[in-house]
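So the chains spell out like this:
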Amino acid sequence: MLRRFLIVAVLALFSACSAACSSGGGGGGGDELPAGPDLMTKAAGAMKAVKSAAFSIATEGKPNVPLRKADGRLTAGGDADGTLTIDILGNLQEVTFALVGDTVHFKGPTGGFQKMTRQQLAQFYDPSVILEPTKGIAKLLSSAVNPKVEGVEDGAYRVATTFPAQVVKDIVPGVSQDVNGKVWIDQATSRLTRASLPLRGGTVTVSFSDYDAPVTITPPAGS
């Protein structure tokens, strides 16, 4: 059962990362704000060059996803590690995971590490698309519809936009409607720093940091 729920949770994790990276919206002032389409094009270009990033996911309310919290690291090659807090039949459980090469290592609150193949996980979702230059975040940002820069917060432009379902569904399986939300684009680097994704029942907030920091994902000890 843990294996099945982990697959769903990892799917939700990377889907949240990807979809949230396709959000926008908020408020703020400023007389010389950049044009929304120009900013999103620049942001998409900046994300194509990203090699690694740290991520954090938090939820408010009860959004219709099993993932409740996550922290970890992600590489452009699709490897990742970190911890997930997932809702399993109404109970919150923390799972430690590492995606390394073709293998997914995972461990629940009790017992040792278990394994599944990346191919097994890819039947539900392929996390390597998130930082893939022609897909993932870069493609989502470049597909923004009517993006509007609303202001500046903490050194980042806050943007309201909509992303077409046909683009989002390639990264977030099951999406059938356009996605609205908020994204924050760093003024200095044009990279995505934060996104707010409204879902049924609540909101998922995804934050990115430590772009291009040296990252080596290795199998957990004892796995």
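Residues numbered from 1 in each chain as written. Predicted model: local features only at pLDDT ≥ 70, side-chain atom pairs only at ≥ 80, totals over all residues. Heavy atoms only, no water.

Draft legend 1. View of the overall build of the protein chain. Helix and strand content of the protein chain: 5 helices and 11 strands. When the 223 residues of the protein chain are sorted by exposure, 50% land in the buried category. Of the contacts formed within the protein chain by residues at least 6 apart in sequence, a portion of 58% connects residues at least 24 apart. For the protein chain, the computed accessible surface area is about 10,100 Å², with 49% contributed by carbon and sulfur atoms. (Helix = DSSP H or I, 4+ residues; strand = E, 2+ residues; numbered from the N terminus. Buried < 20%, exposed > 50% of the residue type's maximum accessible area, 1.4 Å probe, protein only. Contact = heavy atoms within 4.5 Å. Areas by Shrake-Rupley, 256 points an atom, 1.4 Å probe, with all protein chains shown as cover.)

Draft legend 2. Inspection of the environment of K148 at higher detail. Mapped onto the elements of the fold, K148 is located in strand β7 (residues 145-153). Linking K148 and V159, residues 11 residues apart in sequence, is a C-alpha distance of 5.4 Å. When residues no more than four places from it in sequence are discounted, the contact partners of K148 are R158, V159 and A160.

Draft legend 3. Region of interest: the nonpolar core. By size, the foremost hydrophobic cluster in this structure holds 43 residues, and its most contacted members are M47, L141 and F208. Ranked by the residues each element gives to this core, the list is headed by helix α2 (residues 36-48), at 5 residues. (Core = buried A, V, L, I, M, F, W, Y, C linked by side-chain atoms within 4.5 Å.)

Draft legend 4. Layout of the pattern of salt bridges. Scanning the entire structure with this criterion turns up 6 salt bridges. For R73, the salt bridge identified is with D81, shortest N-O distance 2.7 Å. Between E153 and R158 there is a salt bridge, with the nearest N and O atoms lying 2.2 Å from each other. Since its relative accessible area comes to 28%, E153 is described here as partly exposed. For R158, a relative accessible area of 2% corresponds to the buried category. Salt bridges sharing common partners tie together E150, E153, R158 and R194. (Salt bridge = Lys/Arg side-chain N within 4 Å of Asp/Glu carboxyl O.)

Draft legend 5. Local environment of the confidence of the model for the protein chain. With 79% of its residues at a pLDDT of 70 or more, the protein chain shows a mean pLDDT of 82. Across the protein chain, the secondary-structure element scoring lowest on mean pLDDT is helix α1 (residues 2-20), at 64, and the one scoring highest is β7, at 96. In this model, residues 23-30 is a region of pLDDT below 50 whose contacts with residues beyond four sequence positions or in other chains number 36 contacts. (pLDDT = per-residue confidence, 0-100.)

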